[in-house]
Amino acid sequence: MVNYGGDEVSALVVDIGASSVRTGYAGDDCPKAIIPTSYGYHPAPPDADVTMGDGVENIDPVNKSKFANIYIGQSGPSIWREGMEVGNPVVEGLIQDFNPIKPLIDHALDKIMRVHSSEHPILVTEPTWNTPANRERMAEIMFEEFNVPAFYIANTGVLNAFAAGKGSALVIDVGQSMASVTPVVDGFVLRKGLSHSPLPKLIHAHARHILISPTPHRRGIELLPHQLIANKTLVDAGAPPKFTIRQDRIAGTTESWRIWAETREVDEWVQSVAGVLDQGWNDTVAAQRTTRQYEFPTGYNNYFGIERFQVGEQLFTHSPQLVASNPNLPKTIPQLITEALRACDPELRQVLMGNVVLTGGGTLFSGFADRLTAELTRSFPHTKIHAPGNPVERRYGGWLGGSILASLGTFHQLWISKEEWQEHGKPIVGQRCIH
Amino acid sequence: MSSGVGVSDQCLTAFQDLKLKKKFKYIIFNLNKELTEIVVEKTSDNQSYDDFLSELPETECRWVIYDFEFEKEGGGKRNKIIFLSWSPDDAKIKQKMVFASSRDALKRSLTGVAVEIQGTDFSEVAYESGA
């Protein structure tokens with residue numbers, strides 16, 4: 001039995017996002033295990049015996065109904081398997097399907113970190129818009145299935161503000177599926193000021209549209225993943241690709257795997273080339289910027305100029321045509337900020353704008369911080385943006401904040417212990433984890 | 001959410017001395033080495049604001065209570081007690097985190113603070129921005 005009341009808590013921190021699950025030791029400066037949240041599985045045929053193959057996770061009886069096999073981690077969905085489907089439990093930042101959560105955390109803790117969850121208190125992060133039912137379910141999984149000695153669930157907005165050294169801050173978090181703006185005042189979230197939208201999804205769809213549509217200068221690009229390509233030949237930039245498809249795999253490829261793989265191709269392209277113009281949209285400036293070369297798995301490669309800025313521009317403005325044709329567009333970053341500030345007291349607005357914290361992989365677009373400064377100083381002259389230059393701090397800010405918080409000896413009084421859980425049950429989560 | 005760090009009695013005594021007896025111009029607070037309690041690092045009655053600024057470390061966090069004196073237009077001299085959270089960008093991330101999450105504990109025990117400032121560089125704590 002671990003004495004969680006001591007100073008040496010050796011706690012673990014678990015941060016579940018739409019793109020990856022991050023786990024590691026409290027007190028470390030980066031997560032030990034980072035695995036994709038997407039997982040591969042073979043659906044269980046009704047009433048069939050469960051077979052175990054190589055690289056297959058042990059499945060507990062609860063999950064038998066849904067998965068015959070589940071494939072997780074670096075050799076999970078990225079390895080092609082006949083008939084394998086791909087799923088992701090996180091929808092709009094919230095865990096919608098708890099079935100794969102246990103295998104995912106198990107894999108990270110057991111297979112990669114090789115620790116026993118029953119010996120360490122675990123701190124889990126949650127987005128601000130998490131539901132009470134969801135966090136209680138998480139506590140239940142931790143206590144009942146992982147047998148943790150103590151548990152705490154902390155808000156990513158607050159953790160990010162703390163990690164930036166601020167008790168009050170406006171936290172702008174752009175992840176893989178959601179963009180959010182959270183006002184944090186004295187370590188607590190101002191819930192009425194929270195605003196979020198699935199903006200990154202739109203960015204992705206826009207990038208995909210740009211890539212697959214032919215332009216006068218180039219053809220539409222095939223988004224074939226390398227798993228489906230047998231060989232390719234080096235071609236000149238812009239030339240039609242020369243490659244052979246692995247015909248033997250086409251028939252066994254599922255729709256969900258194909259979507260997952262194409263999504264990854266688009267994301268890689270966005271992360272490699274996309275940027276934001278720092279002073280607002282301007283066709284001439286965009287055309288003058290240096291182009292960047294990118295090669296797709298088919299061998300097709302080209303230089304991308306204006307297109308790479310069109311993608312990033314969607315974070316800040318939507319074109320009038322798009323607005324006219326679609327009234328329910330996700331809110332842009334400036335719209336989210338305006339909405340968040342409108343709900344706050346006027347005297348708080350100045351404090352928040354002086355302490356803007358950027359976090360999440362989606363804020364790593366080149367030029368993002370400069371553009372945001374330019375947009376915000378127009379209405380708030382004293383805007384100060386805190387953007388860690390270190391990509392690890394930016395990408396895993398929530399995890400990092402949790403890591404520091406859980407490593408504090410004085411934090412022990414906040415942990416919910418197993419005994420307390422057994423005595424009080426679910427309501428204690430809402431009473432103890434206030435933010 | 002807070003870190004659970006405590007506030008030593010010495011902090012309250014020093015604050016009362018500043019507020020009621022006007023014994024000091026400013027008090028600098030720090031965390032003890034074990035990061036479990038907030039303690040008084042320095043008290044001073046030096047009236048120069050620039051001297052005070054030079055006491056703020058460039059890469060470490062502190063809290064400060066400052067008895068700020070200013071001229072009100074047509075109203076003569078006024079005093080306001082300022083609470084400054086000093087958290088420079090170059091400080092270690094762990095220290096920033098502990099200080100940010102412990103600030104509320106200190107602030108709640110010091111009653112009578114008029115203005116709060118979060119400072120990350122020297123431009124934000126210049127005399128003019130206080131006024």
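Every chain is numbered on its own, with residues counted from 1 as its sequence reads. Chain letters start at A and ligand numbers start at 1, both assigned in the order the entries are written. With pLDDT at 70 or above as the cut-off, local features in this predicted model cover only qualifying residues; side-chain atom pairs require 80 or more to be listed or tallied, and sums for whole chains, interfaces and linings still use all residues. Side-chain measures here rest on the full set of heavy atoms in the structure, leaving out hydrogens and waters.

Looking at an unreviewed UniProt entry, one finds chain B named Cofilin and attributed to Agrocybe chaxingu. UniProt positions are given in the numbering used here, feature names are shortened, and annotations may be inferred rather than shown by experiment. UniProt, in the comment section headed Subcellular location (unreviewed entry), describes chain B in these words: "Nucleus matrix". According to UniProt, the comment filed for chain B under the heading Sequence similarities (unreviewed entry) is "Belongs to the actin-binding proteins ADF family."

Its UniProt record gives chain A the following Sequence similarities (unreviewed entry) comment, quoted word for word: "Belongs to the actin family."

> Describe in detail the overall build of chain A, supporting the description with residues and values.
Only runs of H or I of at least four residues qualify as helices and only runs of E of at least two qualify as strands under DSSP, and these elements are numbered from the N terminus. Across its full length, chain A holds 16 helices and 21 strands. Each radius of gyration is computed over the set of C-alpha atoms, and the globule rule expresses the reference value as 2.2 Å times the number of residues to the power 0.38. Scaling as 2.2 N^0.38, a compact globule of 435 residues should have a C-alpha radius of gyration of about 22 Å, and chain A matches this with 23 Å. With the C-alpha coordinates aligned to their principal axes, the bounding extent of chain A is approximately 70 × 65 × 35 Å. Look at the contacts in chain A between residues 6 or more apart in sequence, and 69% of them connect residues 24 or more apart. What sets the accessible areas is the Shrake-Rupley method with a 1.4 Å probe; for residues, cover comes only from the shown protein chains. Approximately 18,600 Å² of chain A is accessible, and the part contributed by carbon and sulfur atoms is 50%. If the 37 positive side-chain charges of chain A are averaged to one point and the 46 negative ones to another, these points end up 5 Å apart. Pairs of residues are marked as contacts when any of their non-hydrogen atoms sit within 4.5 Å. Think of it this way: Lys and Arg go in the positive column, Asp and Glu in the negative one, and His and the chain ends go nowhere. Charge placement uses NZ in Lys and CZ in Arg. For Asp and Glu, CG and CD serve respectively.

> Talk me through unusual backbone geometry; I want residue IDs and the actual numbers.
Keep in mind that most residues, glycine aside, have a negative phi and that most peptide bonds are trans. All names here are of chain A. Phi angles above zero are rare outside glycine, and E92 is one such case at about 50 degrees. A relative accessible area of 42% places E92 in the partly exposed class. Unusually for a residue other than glycine, D186 sits at a positive phi of about 50 degrees. Looking at where D186 falls in the secondary structure, it is placed in the loop between β12 (179–185) and β13 (188–189). A simple rule labels every residue: compare its accessible area, found with a 1.4 Å probe on the protein chains alone, to the largest value its type can have, and call it buried under 20%, exposed over 50%, or partly exposed in between.

> Now, about the sheet that holds strand β4 (residues 39–43) of chain A: what can you tell me, with residues and values included?
All names here are of chain A. Pairing in this open sheet of 3 strands is antiparallel, and the strands run β5-β4-β6 from one edge to the other. Taken across any chain shown, the strands that pair with only one partner, and hence form the sheet edges, are β5 (67–71) and β6 (85–87). If you compare each strand with its neighbour and ignore which way they point, the axes differ by 35 degrees on average. Where β4 lies against β5, 4 bridges are found, and the strand directions are antiparallel. Looking at β5, one finds that Y41 is bridged to I70. Two strands pair under a simple rule: DSSP has to find at least two bridges between them. Note on method: axes are straight lines fitted to C-alpha atoms, helices fitted across the in-contact stretch only, with angles between N-to-C directions ranging 0 to 180 degrees.

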